[in-house]
Each structure stands twice: as structure tokens, then as C-alpha cells.
Amino acid sequence: MKKVLLLGILLLIVFVGGCSISSDTTQNTLTAQGTYTIKEMPDEAIVYIGIETLKMSADESKNENSVISDNVMKGLQLIGISKSDMSTLNFNIYPEYSYDNGKSILKGYRTRNTIKVDTKDFSVLGKVIDAAVNNGATNIDSVQFDFSEDKRNNLKIEAIKKASEDAREKANALASGLNAKIVGIVSVSEQGFNYLPYRAFETVSGAFAMKEAATTQILPQELEVSATVNVVYKIK
């Protein structure tokens, strides 16, 4: 009979998953891991626009890049993108060399600037790319779909709450199989909140390729948001 009862408890632990029990001299505890995944459409798109210039002097390279970057941002404003939705990232200047018979030859100084554009209007993505190309941008580094900060925070709260409920359900099932009762919580720890933005495409270079990208319908996909919590319950 004892063997049958032990086998039943082991099968229950396997079925519930993410649960364990322990006992010490002070209290009996049960640990349950809860998980939850939400699928939700993104509400924000981000376009990363690259501008590169190569000139023999660092000042020439930087100045030309600044002029092009300014033109791109003005062009974006003309299609309705506000200044507050644009930002400059990763502004770098560095020497570039070619090599001939083991000797390095200075080709010039390359300036690399990235303009980040945020928009909630997915219908303007093609126009954003088109405006960038028409005003001298050299790359579209990526277009990705993401959650706005408010939506991301709300989804995080919901996912953690549901993961906690999942942990409680698993713990109740295991406690019931052991003819035990949950009488309190010893500790709770959040093990992770995870999601990845959806990248519609990676780097596109050259005027023709970028023009082609501008005419392509860029559509979002559902994002998966998941949370995991560990809860240690006191049982008797």
C-alpha cells in the first residue's frame, strides 16, 4: 500500500510539473514554479536609418554626415514625423584602411550615424524609408515592431500575475495529492520576464534596395511575452 501511495505522489509531481516538496526541523514547504505566456500585437514600430560618409579628413567626413543627417530629419518632418519621435544613436568617426602588399593605406575617415524613428502609425513605414533614401541615407539598418513602454509594463504585470496564479494551482494540486494544506507563503521570486521585438528585416543598403523596401508592405506579427515565478509555500 505504501508503494502504491508513493507511486501516486511521484506521478502527481510529474503531471503538475515545476513543483517540489521539502522538510526540515522547523517547517514543511512546497515549491512551485508558475509560468504564463501572452500573445499580443505590437503597438509601436522603430526604424533605424544609417548614414555613412567617407572623406579624406575627419572634419570633412563629420560635416558631410551632419548635413545629410539634418536633411534626412527635415525630410521625415515633412511626412509628419515629429522631432520628439527621432533620436540620434551611435555617432562614430574612425579611420578606414585598405591593404596592399602588407602595407596599410589610409582610405579616409568614415563617419557613421544612426537615426532612430519611433511611430505608432504602421502605414507610414514605407514613407519613412522613402524620405530617408531621398535625402541621402545609405542604409536602413532594421525595421522592428515592439511594445510602447506603457503597454510593455501592463503586459509584464499581467504575465507575472497569471504566472503566480499558475504556481498556486500547481501547489494546490500537489498539496491535495499529499493530503496537506497550504498555510502560508515563505518566499516569492520572479525568475524572468521575457519577450523579443519582431524584426521585419535587417540591414538594407543601396538606393535601389532601399527604394524597393519602401514599396514593400511591412506588417507586424504577434509578440510573445512570458513570465516565470517561483513560490515557496508553507504546508502542514
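Residues numbered from 1 in each chain as written. Predicted model: local features only at pLDDT ≥ 70, side-chain atom pairs only at ≥ 80, totals over all residues. Heavy atoms only, no water.

Digging into the overall build of the chain
In plain terms, the rule: What counts as a helix is a DSSP run of H or I of at least four residues, what counts as a strand is a run of E of at least two, and both are numbered from the N terminus. Exposure categories follow from relative accessible area, calculated using a 1.4 Å probe and restricted to protein chains: below 20% of the type maximum is buried, above 50% is exposed, and the middle band is partly exposed. What makes two residues a contact is simply this: any of their non-hydrogen atoms within 4.5 Å. Throughout, the Shrake-Rupley method with a 1.4 Å probe supplies accessible areas, and for residues the shown protein chains are the sole cover considered.
When you go through the chain residue by residue, the secondary structure sums to five helices and 10 strands. Going through the 236 residues of the chain one by one, you find that 36% of them count as buried. Contacts spanning at least 24 positions in sequence make up 82% of the contacts within the chain whose residues lie at least 6 apart. Surface accessibility of the chain: about 13,700 Å² in total, with carbon and sulfur atoms responsible for 52%.

Details of the confidence of the model for the chain
Put simply, the test is: Per residue, pLDDT captures the predictor's confidence, and it can take any value from 0 to 100.
Taken over all residues, the pLDDT of the chain has a mean of 86, while the share at 70 or more is 83%. Of all secondary-structure elements in the chain, the lowest mean pLDDT belongs to helix α1 (residues 2–16), at 39, while helix α2 (residues 58–78) reaches the highest, 97. Of the regions scoring below 50 in pLDDT, residues 1–16 engages in nine contacts with residues more than four places distant in sequence or in other chains.

Observations regarding a nonpolar patch on the surface
For the record, the criterion: Within this analysis, patches are made of residues with over 30% relative accessible area and no salt bridge. Like charges are joined at 9 Å or less; nonpolar side chains (Val, Leu, Ile, Met, Phe, Trp, Tyr) at 5 Å or less. Salt bridge criterion: a side-chain nitrogen from Lys or Arg within 4 Å of a carboxyl oxygen from Asp or Glu.
Taken together, M56, Y97, Y99 and L106 make up a surface patch of nonpolar side chains, about 450 Å² in accessible area. Position of M56 relative to the elements: it lies in the loop between β3 (44–55) and α2. Taking relative accessible area as the criterion, M56 reaches 51% and is therefore assigned exposed.

As for the packing of aromatic side chains
Worth spelling out the cut-off: Pairing of aromatic rings covers Phe, Tyr and Trp, the last through its six-membered ring, and needs centres within 6.5 Å; plane angles under 30 degrees mean stacked, over 60 mean edge-to-face, and all others mean tilted.
Going through the model one piece at a time under the given rule, you end up with four aromatic pairs. Arranged with centres 5.0 Å apart and planes meeting at 80 degrees, the rings of F122 and F145 form a pair that is edge-to-face. One end of the pair, F122, is in the loop between β5 (103–119) and α3 (125–134); the other, F145, is in strand β6 (residues 139–146), and 23 residues separate them in sequence. By relative accessible area, F122 is classed as partly exposed at 23%.

Thoughts on the pairing of strand β4 (residues 86–100)
To keep things clear, this is the line we draw: Whether two strands pair depends on DSSP finding at least two bridges between them.
Sheet topology places β4 next to β5; 13 bridges connect them, and they run antiparallel. Of the residues in β5, the one forming a bridge with E96 is G108. Joining the antiparallel neighbours β4 and β5 is a turn of two residues, in which N101 adopts a positive phi near 55 degrees.

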